[in-house]
Amino acid sequence: REKLPQYNTVDDAIQLIKNSKKIIVLSGAGISVSCGIPDFRSKDGIYANLQREGKFELDDPQDMFDKEFFMHNPSCFYSFAHSIFPSNFKPSPSHRFIKLLEERSQLLRNYSQNIDTLEQACGIENVLQCHGSFATATCTDPSCSFKAPGSSIRQAIFDRTVPLCPRCKERDERRKTGKKGKPVGARSSWKAGDDSDEEDEGPELAYGVMKPDITFFGEKLSDEFDHKLLQDRSEVDLLIVMGTSLKVAPVSELVAHIPHKTPTILINRTPILHMQMDIMLLGDSDEVVKYICEALAWKLPKPRMSHL
Ligand code: OAD
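Residues numbered from 1 in each chain as written. Predicted model: local features only at pLDDT ≥ 70, side-chain atom pairs only at ≥ 80, totals over all residues.

Caption draft 1: Representation of the site of the ligand. The environment of the ligand is made up of 26 residues, and the closest members are G28, G30, D39, F40 and S245. Each residue belonging to the shell around the ligand can be placed in one class, and the counts come to seven nonpolar, 14 polar and five charged. (Near = placed C-beta within 6 Å. Nonpolar A, V, L, I, M, F, W, Y, C, P; charged D, E, K, R; others polar.)

The following block contains the structure:
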């Protein structure tokens, strides 16, 4: 067996970051926490808040992002979506650190699990939003699949109403007025909080509702994830894992899919114990990247504002 170099210290991490040319950054919700967006699994994260508030009466808070649950009850997601819709958030120093790696031509790719589009706001080009984003939305009727920019459902999100597919609505109208058109399952009256007779009506599914292109539990990731990973695994020379609990597959499996010899650095508030990391830099990622930049005399690029 080839004897691999040992990396343990902060200085090792700094040298690796300085010298690596093909870095993969695998990021998660933790790097947007300082922007005012809660993560999912921390004590004050989205799932704990959903559980604590009990407002939505979910058996499991993860149901909020479950495709099957959405198809039965889209109004639940749309009563909540305003709280996670990207508004005027400013990218964090951690986002700017990823941008800096890109500007220095050291970034192979940023695999982001975040749906807040702060990577774009920061100008990161080589990013794969593994769990999609609010940037676009698609009709849930598989025979329609109408696609629209995320901005088209923005108002509905802030009004806490369920956005219906304009194309399905038009077909529905045509059907009602006797003109040719395929019947759709959309109810024209989906409203946040309007769960009046839903239970009695049996398993009516929310076909004809617009759903943001976020990957929900029960949905497949885009093929791009596998394709890019296949391509990148032969090139990567350093993996930086930042602000993620690595609890959600298949993204978490990226760590096991890259060659064993690739050094791995974790920058996170809490340690990760279920996967092997060479170096763990524990703390707020913004503070850690600022420390690294200071040690290397690197300057973070200027912050920008995000508007979707
Ligand atoms: P998690 O909430 O599971 O993990 C966030 C991690 O970031 C935790 O380990 C925190 O300790 C850490 N953290 C929090 N604040 C931090 C800070 N300021 N600096 C550094 N670390 C910090 O979020 P993800 O791993 O991103 O899926 O979750 C993965 C997926 O699960 C999400 O994409 C989402 C969720 O269900 C979908 O929405 C489809």
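Once the structure has been displayed, the description carries forward.
Caption draft 2: Focus on helix α11 (residues 285–296). Between the first and last C-alpha of α11 there are 16 Å, a value that for twelve residues agrees with the 16 Å anticipated at 1.5 Å per step. Packed against the buried residues of α11 are α1 (10–19), α5 (93–103), β7 (238–242), β8 (264–268) and β9 (279–282). Positive backbone phi, approximately 55°, marks A297, located one or two places after α11. (Helix = DSSP H or I, 4+ residues; strand = E, 2+ residues; numbered from the N terminus. Expected span 1.5 Å × (residues − 1). Contact = placed C-beta atoms within 7 Å.)

Caption draft 3: Geometry of the sheet that holds β8. Read across the open sheet, the six strands follow the order β3-β2-β1-β7-β8-β9; overall the sheet is parallel. Of all strands in the sheet, those with a lone pairing partner are β3 (127–129) and β9, marking the two edges. Going from strand to strand, the sheet's axes swing by 15° on average, the running direction of each strand aside. Bridge count for strand β2 (residues 107–112) against β3 is three bridges, and the pairing is parallel. Opposite N110, over in β3, you have V127 as the bridge partner. (Pairing = 2+ DSSP bridges. Axes fitted to C-alpha atoms, helices over the stretch in contact; angles between N-to-C directions.)

Caption draft 4: A look at the sheet that holds strand β4 (residues 132–139). With antiparallel pairing, the three strands of this open sheet are ordered in space as β5-β4-β6. Both edges of this open sheet fall to β5 (147–149) and β6 (210–214), since each of them pairs with a single strand only. Pairs of neighbouring strands in the sheet enclose a mean axial angle of 40°, with direction left out of account. As paired elements, β4 and β5 share three bridges and run antiparallel to each other.

Caption draft 5: Examining the packing of α1 against α11 more closely. Here α1 crosses α11 at 70°, and the two axes come no closer than 10 Å. Taken together, the axis directions place α1 and α11 in an arrangement best described as roughly perpendicular. Residues I14, I17 and K18 of α1 touch α11, and the partners they reach there are I292, A295 and L296. Grouping the constituent residues of the contact of α1 with α11 by class yields five nonpolar, no polar and one charged. (Parallel < 35°, antiparallel > 145°, perpendicular 65-115°, else oblique.)

Caption draft 6: Inspection of the pairing of β7 at higher detail. By the criterion of burial, β7 is predominantly enclosed, with five of the five residues buried. Taken together, the five bridges between strand β1 (residues 23–27) and β7 define a ladder with parallel strand orientation. Counted as the bridge partner of V25 is I240 from β7. Where β7 and β8 come together, four bridges link them in parallel fashion. Counted as the bridge partner of L239 is T264 from β8. (Buried ≥ 20, exposed ≤ 12 C-beta atoms within 10 Å, placed from the backbone.)

Caption draft 7: Broad picture of α5. Most of α5 is tucked away: ten of the eleven residues are buried. Buried residues of α5: P93, S94, H95, R96, F97, I98, K99, L100, L101 and E102, and no others. Looking at the buried side of α5, the elements it contacts are β1, β2, α6 (118–121), β7 and α11. Within two residues after α5, S105 carries a phi angle of roughly 55°, on the positive side.

Caption draft 8: Geometry of the environment of E68. Positionally, E68 belongs in helix α3 (residues 67–72). Between the C-alpha atom of E68 and that of E219, which follows or precedes it by 151 residues, the distance is 9.3 Å.

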